[in-house]
Amino acid sequence: MTVEKIKVNNREYQVTLNDQTQMYVMKLKRLYQQSYSDMDSFDEISVEISSTINNILKNVSPDVKDGDMDGTIQQIMKIYEKTTKK
């Protein structure tokens, strides 16, 4: 388990990257790829992406502001990439 501090739009957040969070990040990456290749299922995939993002954000404190969600998810994905390269 890793705890990282990130800054998005001048707000600080603390991210807990545990096994479950990592599983959700992997799932999100897979869903993003699928959304580009399977346009017929785009609506279903979008719902699944939203659900997965919400599950990831449960491991961030304080609660992420709406305007910070995209940047927060991007930074969490970068942290995940760094930890998997080690």
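Data block above holds the structure.
Every value quoted in this text rests on a predicted model; they were computed, and no experiment measured them.

Asker: Would you take a moment to explain the environment of Met69 for this structure?
Answerer: As for its position among the elements, Met69 is in helix α3 (residues 69-85). Assessed through its relative accessible area of 28%, Met69 is described here as partly exposed. Along the backbone, Met69 and Tyr80 are eleven residues apart, and their C-alpha atoms lie at a distance of 16 Å. Met69 has contacts with Leu57 and Val64, leaving out every residue within four places of it along the chain.

Asker: How should helix α2 (residues 42-57) be read in this particular structure?
Answerer: What sets the pattern is the α-helix's 3.6 residues per turn: residues three or four places apart point alike. With 16 residues, α2 extends 22 Å between its outermost C-alpha atoms, agreeing within 8% with the 22 Å of an ideal straight helix rising 1.5 Å per residue. For α2, the set of buried residues is Ile45, Ile49, Thr52, Ile53, Asn55, Ile56 and Leu57. Its buried side turned inward, α2 meets α1 (19-37), β3 (60-61) and α3.

Asker: Would you take a moment to explain unusual backbone geometry for this structure?
Answerer: Apart from glycine, the bulk of residues carry a negative phi angle, and the bulk of peptide bonds sit in the trans form. Cis geometry is found at the peptide bond from Ser61 to Pro62, where omega equals -10°. In this fold, Pro62 is placed in the loop between β3 and α3. With phi around 50°, Asn9 is a residue other than glycine that occupies positive phi space. Among the secondary structure elements, Asn9 is positioned in the loop between β1 (2-8) and β2 (11-17). Positive phi values are uncommon outside glycine, yet Asn10 reaches one of about 65°. Relative to the assigned elements, Asn10 resides in the loop between β1 and β2.

So, how was this worked out
- Residues numbered from 1 in each chain as written.
- Predicted model: local features only at pLDDT ≥ 70, side-chain atom pairs only at ≥ 80, totals over all residues.
- Heavy atoms only, no water.
- Helix = DSSP H or I, 4+ residues; strand = E, 2+ residues; numbered from the N terminus.
- Buried < 20%, exposed > 50% of the residue type's maximum accessible area, 1.4 Å probe, protein only.
- Contact = heavy atoms within 4.5 Å.
- Expected span 1.5 Å × (residues − 1).

Keep in mind that these numbers describe shape and distance, not what the molecule does.
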